[in-house]
Amino acid sequence: MLSGSLVAFKKRERPPLTEQEKEFKLENERKLQGGIGILRKLRTQALAEQDPSLRQNYLEEAHEFSTQMADVILNQALSEKPSPISPVFLEELQKKKEEYADKDADSGHATPPQFSITNLFRAIDDMLARVEEKAQSITSPDHRLTQDEIRYVLQEFLRGTNDLTVNAVEKFFKKNTKISGILSGGSVYVELVKKIIEKYGDHSINVDSFVIAVDKESKKAVFEASETDATTQTVIIADDMVDKGGTLLTALWAAGEQFPNATIYSGLGTDQPGGFEKRRTEKYLGHLVMLFQDFADLSEEGKNKEALAILKQAEQYAKENRVTLPPGWYKRKERMDG
């Protein structure tokens, strides 16, 4: 357990495994560790890609593969004994291993893929144990779970791992809310949550998910995009484990660029609509304040030619950095013209 993940996973009771079954289970987990490696490579490719269209291709591929990983993990967890992994998934895994053989699998966490897979299996076991408590069975549940019951099933995702506030948890189930998973383990965890809701929850409960690639060292995050991002009202950022929080915070403070009208929630803070743009422009406006002082001094000294050169420089700087030149510049120019 990492320092930021205050989890208390429940564990389902299962028949003891034979030595052969234990080895089979470990072999399946080793194959899935390879999948975490692929997601880390896709994360690195998305962060490095300068072309927005190609970047989105990597992120969409990572999202799809996270969903496939979640399918395999859920199917394994539903079985009392280890079962063969789908040949279709194994074929896709091998294909991606060959395609990305020469790519870097750098990760935001120093944890090995084995840790991520073990954690994800513990997480799905916890959710299934809670489903059993509420619906009596995971194979033939006696009813579809209500929103309150689903909230209980997801308790260790919402509160234990991600430490979301009561308000954020309430928003989780609202329409016009998007749930992000941070690549790699976080994106798989979110898809597991989504599958649990689809399989056991009331049909009115939906999760709109997307993935984020984050480099906490360079304070950079890139987001899987959709046409509704500009009108989205709520975004919740989630991971599969939280250590010191650098990855989560990087995603939190960057998300407002992709979702300008959304309130962004994470267990480490909240960013209000417009917060990103305000932070982005502050440093540029600060530079313009210094330029304005030079502009004002030159105009007071009657050095209009030099002052106008400063104005032209400021206009270009404002245009390049997408900020509006404060009106004081033009009021002083009017005085110069007068």
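Everything below is about the structure shown above.
Being a predicted model, the structure only gives us computed values, none of them experimental. (Residues numbered from 1 in each chain as written. Predicted model: local features only at pLDDT ≥ 70, side-chain atom pairs only at ≥ 80, totals over all residues. Heavy atoms only, no water.)

Chemist: A description of the overall build of the chain should follow, citing residues and the corresponding values.
Modeler: On a plain count of helices and strands, the chain comes out with 12 helices and six strands. Its C-alpha atoms give the chain principal-axis dimensions of about 90 × 45 × 35 Å. Out of the 338 residues in the chain, the part that is buried amounts to 50%. Partitioning the contacts of the chain with sequence separation of at least 6, the portion at a separation of at least 24 is 75%. The distance from the centre of the 47 positive side-chain charges to the centre of the 55 negative ones in the chain is 2 Å. (Helix = DSSP H or I, 4+ residues; strand = E, 2+ residues; numbered from the N terminus. Buried < 20%, exposed > 50% of the residue type's maximum accessible area, 1.4 Å probe, protein only. Contact = heavy atoms within 4.5 Å. Lys, Arg positive; Asp, Glu negative; His and termini not counted. Charge placed at Lys NZ, Arg CZ, Asp CG, Glu CD.)

Chemist: Could you give an account of the nonpolar core, with specific residues and numbers?
Modeler: Leu 32, Ile 124, Met 127, Leu 154, Phe 172, Leu 192 and Ile 196 are the most contacted members of the largest nonpolar core, which totals 62 residues. Phe 210, Val 214, Leu 252 and Phe 259 belong to the second-largest nonpolar core, a separate cluster that totals 17 residues. (Core = buried A, V, L, I, M, F, W, Y, C linked by side-chain atoms within 4.5 Å.)

Chemist: Residues and numbers for the sheet that holds strand 2 (residues 208-215), please.
Modeler: Neighbouring strands of a sheet are bound in pairs by backbone hydrogen bonds; such pairs are parallel or else antiparallel. With mixed pairing, six strands are arranged side by side in an open sheet as 3-2-1-4-5-6. At either end of the open sheet lies a strand with only one pairing partner, and these are strand 3 (220-223) and strand 6 (269-271). Averaged over all adjacent pairs, the angle separating strand axes in this sheet is 25°, with direction ignored. In this structure, strand 4 (residues 234-238) lies alongside strand 5 (residues 263-266), joined through three bridges in parallel fashion. In the strand pairing of strand 5, Ile 236 is matched with Tyr 265. Across the face of the sheet, helix 9 (residues 246-258) comes into contact with strand 1 (177-182), strand 2, strand 3, strand 4, strand 5 and strand 6 while running at roughly 55° to strand 3. (Pairing = 2+ DSSP bridges. Axes fitted to C-alpha atoms, helices over the stretch in contact; angles between N-to-C directions.)

Chemist: Before we move on, can you summarise the environment of Leu 252 with the specific residues and values?
Modeler: Looking at where Leu 252 falls in the secondary structure, it is placed in helix 9. Assessed through its relative accessible area of 0%, Leu 252 is described here as buried. Each C-alpha atom, one on Leu 252 and one on Val 131, is 31 Å from the other, the two residues being 121 residues apart in sequence. Dropping the residues within four chain positions of it, Leu 252 is found in contact with Ile 237, Ile 264, Ser 266, Gly 269, Thr 270 and Asp 271.

Chemist: Can you break down the packing of aromatic side chains residue by residue, with the values?
Modeler: Going through the model one piece at a time under the given rule, you end up with 10 aromatic pairs. A centroid spacing of 4.9 Å and a plane angle of 75° characterise the contact between Phe 157 and Tyr 189, whose relative ring orientation is edge-to-face. A residue pair is termed long-range when its members are at least 10 positions apart, and Phe 157 in helix 6 (residues 155-161) and Tyr 189 in helix 8 (residues 185-200) qualify at 32 residues. Every member of this aromatic cluster is reached through a ring pair, and the members are Phe 157, Phe 172, Phe 173 and Tyr 189. The ring of Tyr 152 has Arg 130 sitting right over it, with the charged end atom 4.9 Å from the ring centre. Looking at Lys 134, its charged tip hangs above the ring of Tyr 152, at a distance of 4.7 Å from the centre. (Phe/Tyr/Trp six-rings, centres within 6.5 Å; stacked < 30°, edge-to-face > 60°. Lys NZ or Arg CZ within 6 Å of the ring centre and 35° of its normal.)

Chemist: Residue-level account of the packing of helix 1 (residues 19-48) against helix 2 (residues 52-78), with values.
Modeler: With their axes 9 Å apart at the nearest point, helix 1 and helix 2 run at an angle of 165° to one another. With respect to helix 2, the element helix 1 is oriented roughly antiparallel. Where helix 1 crosses over helix 2, the two elements pack in a sense that is left-handed. For the pair helix 1 and helix 2, contact is made by Asn 28, Leu 32, Gly 35, Ile 36, Ile 38, Leu 39, Leu 42, Gln 45 and Ala 46 and by Arg 55, Tyr 58, Leu 59, Glu 61, Ala 62, Phe 65, Ser 66, Met 69, Val 72, Ile 73 and Gln 76, respectively. Of the residues in the contact of helix 1 with helix 2, the class split is 13 nonpolar, five polar and two charged. (Parallel < 35°, antiparallel > 145°, perpendicular 65-115°, else oblique. Left-handed = near helix turned anticlockwise from the far one by under 90°. Nonpolar A, V, L, I, M, F, W, Y, C, P; charged D, E, K, R; others polar.)

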